[in-house]
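Chain and residue survey
Here are the chains, one letter per residue:
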Amino acid sequence: MGISFPQGFLWGAASSAHQIEGNNVASDLWGLESRLPERSGDACDSYHRWPEDLDLVRDLGLTAYRFGVEWARVEPVEGQVSRAHLAHYRRMVEGCLERGITPIVTLHHFTSPMWFQREGGWRSGAAAGRFRAYVRAVLPILDGVPWVCTINEPNMLAMMAEAIRDGHREPGVAGAMAAPDQAMADALVAAHRAAREELGAAGLRAGWTIANQNFQAEDGAEAERDAWAWPREDQFLEAAKGDDFVGVQAYTRVRIGRQGALPVPDGARRTLTGWEFYPDALGDAVRHTAGKLPGVPILVTENGIATADDAERVEYTSAALAGLHAALAEGADVRGYLHWSLLDNYEWGSWAPTFGLVSVDRETFARDAKPSARWLGEVARSNGLRAAG
Ligand code: BGC
């Protein structure tokens with residue numbers, strides 16, 4: 001006995017442009033990286049090695065791949081669209097389709113063009129219009145893409161912007177951070193809506209992907225938990241009402257007491273990012289999302305663990321998938337699961353937290369599938385998990 005998933009369930013891996021492509025020199029982050037412990041540099045050189053990445057996805061037995069289109073490449077200067085970079089991303093879409101892989105494309109994953117930031121970033125009154133123009137430029141290459149993610153983790157993006165503005169980057173998970181500036185949150189919602197209009201008019205299915213933080217009330221702090229969750233997560237879910245789908249991204253939990261976020265419990269098992277090892281995060285995040293957005297299909301667009309012990313990745317992911325299956329059995333409409341991440345990639349300032357199913361030699365860029373990658377491929381091929389033992 002084991003568990004099996006609905007027919008046609010998508011099984012795949014996820015990535016983001018800046019974290020794997022390399023030399024994203026026209027982006028806002030490229031300049032800021034000198035202030036971070038490590039730079040992205042050539043990253044995994046996926047800008048050139050994407051056919052190898054797609055071959056890996058196919059050979060492992062996965063059926064879907066989530067990757068990003070980088071705004072800073074498509075529009076390195078305001079109003080100047082790079083046909084060459086657009087053609088590159090079109091080749092990637094076609095590369096997926098030729099290999100029988102379902103492409104899932106993210107249009108914005110944390111980084112923006114440098115010019116956009118200089119002109120006021122998301123807080124500029126022109127932001128939504130600028131994002132709309134970029135989305136319009138990308139439309140022609142999205143033909144055949146069944147799932148388009150507009151903005152990745154707007155809640156995390158808004159909280160990070162706040163933290164950077166305050167002059168510090170708080171350690172720990174997003175959910176424990178200061179609430180985002182509401183003007184920034186509103187601007188992201190407006191940009192998402194503008195993108196949705198463009199994509200919808202072109203007949204494309206679109207949604208955004210939210211960092212689900214599993215806020216859990218401790219000591220009867222339900223009201224405080226709800227008040228905490230609204231600016232950091234729930235307002236972004238609310239904005240997904242009526243979307244074609246919503247992306248759930250879950251890694252760990254955040255406990256909320258009467259005074260706010262509580263630290264990771266003493267003695268709790270932790271991952272390389274310092275987060276609590278908490279695989280139930282996925283099922284809980286899906287339940288929370290399904291409860292807030294009845295009728296909106298769910299795609300798990302990220303879930304995974306930073307660990308140097310690959311067996312721990314399998315342990316974490318099996319438990320997460322068991323939780324996901326339970327949420328499905330309770331009625332959640334989940335269409336697929338994308339593991340974060342395909343490759344050991346640039347983790348926003350550091351190369352140390354390894355989330356990958358596949359390791360990458362930082363000098364030769366050689367890829368090596370870990371046992372967990374083959375394990376997930378087997379899960380995909382059998383569309384489920386066998387019982388342990
Ligand atoms: C982001 C990824 C990141 C991952 C692990 C998510 O917040 O979308 O870019 O690498 O979590 O931290």
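Scope of this entry: the structure provided in the associated data block. Quick caveat, the model's predicted, so the values are computed rather than measured.

Side note on the site of the ligand
- Near the ligand you find 13 residues, and of these Gln19, His109, Glu153, Glu302 and Glu347 are the closest.
- Here an oxygen atom of the ligand and a side-chain polar atom of His109 are 2.8 Å apart.
- Between the ligand and Trp340 there is a distance of 3.3 Å, counted from an oxygen atom to a side-chain nitrogen or oxygen.
- With the chains in place, 95% of the 310 Å² that the ligand exposes on its own is no longer accessible.
- Partitioned by chemical class, the residues of the shell around the ligand number six nonpolar, four polar and three charged.

Some thoughts on the nonpolar core
- One finds Leu107, Trp122, Leu142, Leu199, Val286 and Leu324 to be the most contacted residues of the largest nonpolar core, which totals 105 residues.
- With eight residues, helix α9 (residues 182-201) is the single largest residue contributor to this core.
- The contact partners of Leu199, leaving out residues within four places of it in the chain, are Leu107, Val135, Leu139, Leu142, Val148, Thr150, Leu204 and Ala206.
- Judged by nonpolar contacts, the second largest core, of 14 residues, contains Ala14, Ala64, Trp147 and Trp275.

Thoughts on the packing of aromatic side chains
- For the structure on display, the rule yields 22 aromatic pairs.
- Both rings, one in Trp208 and one in Phe236, keep their centres 6.0 Å apart while their planes meet at 50 degrees; by these two values the pair is tilted. Of this pair, Trp208 sits in strand β6 (residues 206-212) while Phe236 sits in helix α10 (residues 222-238), and the two are 28 residues apart along the sequence. Across the pair, exposure class does not vary: Trp208 and Phe236 are buried alike.
- Arranged with centres 5.7 Å apart and planes meeting at 80 degrees, the rings of Tyr251 and Phe355 form a pair that is edge-to-face. Linking Tyr251 in the loop between β8 (246-250) and β9 (254-257) with Phe355 in the loop between β12 (334-340) and β13 (358-360), this pair joins segments that are 104 residues apart in sequence.
- One aromatic cluster is present, built from ring pairs that chain together Trp71, Trp115, Phe116, Trp122, Phe131 and Tyr134.

Side note on the environment of Ala14
- Mapped onto the fold, Ala14 is located in strand β2 (residues 10-14).
- For the pair Ala14 and Trp228, spaced 214 residues apart in sequence, the C-alpha separation works out to 29 Å.
- Those residues in contact with Ala14, other than ones at most four positions away along the chain, are Arg66, Thr301, Leu338, His339, Trp340, Ser341 and Leu342.

Overview of the pairing of β8
- Of all the five residues making up β8, five are buried; the element is thus mostly covered by neighbouring parts of the structure.
- The alternating pattern of β8 places Val246, Val248 and Ala250 on one face and Gly247 and Gln249 on the opposite face, and all of these are buried.
- As judged from the four bridges shared by β6 and β8, these two strands associate in the parallel manner. Each residue of the ladder has a partner; that of Ala211, found in β8, is Gln249.

Notes on the packing of helix α12 (residues 310-329) against helix α13 (residues 371-382)
- The N-to-C vectors of α12 and α13 enclose an angle of 25 degrees; their axes lie 8 Å apart at closest approach. The angle between α12 and α13 falls in the class roughly parallel. Side by side, α12 and α13 meet where Asp310, Arg313, Val314, Thr317, Ser318 and Leu321 of the first sit next to Pro371, Ser372, Trp375 and Val379 of the second.
- Taken together, the residues of the contact of α12 with α13 break down into five nonpolar, three polar and two charged.

What counts as what
Numbers given to residues run from 1 along each chain, matching the order in which its sequence is written. Where local features are concerned, this predicted model is filtered to residues with pLDDT of at least 70; where side-chain atom pairs are given and counted, the filter is 80 or more; whole-chain, interface and lining totals use all residues. Side-chain descriptors were evaluated using all non-hydrogen atoms of the structure, hydrogens and water having been removed beforehand. Residues are classed as near a molecule or strand on a simple rule: at least one heavy atom within 4 Å of it. Think of a polar contact as two N or O atoms within 3.5 Å of one another; within protein, one of them needs to be a possible hydrogen donor and the other a possible acceptor, and neighboring residues in sequence only count if both atoms come from side chains. Surface accessibility in these figures is a Shrake-Rupley result with a 1.4 Å probe; residues are shielded only by whichever protein chains are displayed. The nonpolar class holds Ala, Val, Leu, Ile, Met, Phe, Trp, Tyr, Cys and Pro. Asp, Glu, Lys and Arg form the charged class, and all remaining residues, Gly among them, are polar. Residues belong to a common nonpolar core when they are buried Ala, Val, Leu, Ile, Met, Phe, Trp, Tyr or Cys residues joined through side-chain atoms within 4.5 Å. Relative accessibility thresholds used throughout: buried, under 20% of the residue-type maximum; exposed, over 50%; partly exposed, between the two (1.4 Å probe, protein chains only). Segments assigned H or I by DSSP are reported as helices when at least four residues long, segments assigned E as strands when at least two residues long, and all are numbered from the N terminus. Any two residues whose heavy atoms approach within 4.5 Å at even a single point are treated as in contact. Stacked, tilted and edge-to-face pairs are distinguished by plane angle, under 30 degrees for stacked and over 60 for edge-to-face with tilted covering the rest, among Phe, Tyr and Trp rings (Trp via its six-membered ring) whose centres lie within 6.5 Å. Pairs of strands are assigned from DSSP output, requiring at least two bridges between the strands. Only the contacting stretch of a helix is used when fitting its axis, a line to C-alpha atoms as for every element, and angles between N-to-C directions run 0 to 180 degrees. What sets the label is the angle itself: under 35 degrees gives roughly parallel, over 145 gives roughly antiparallel, 65 to 115 gives roughly perpendicular, and the rest give oblique.

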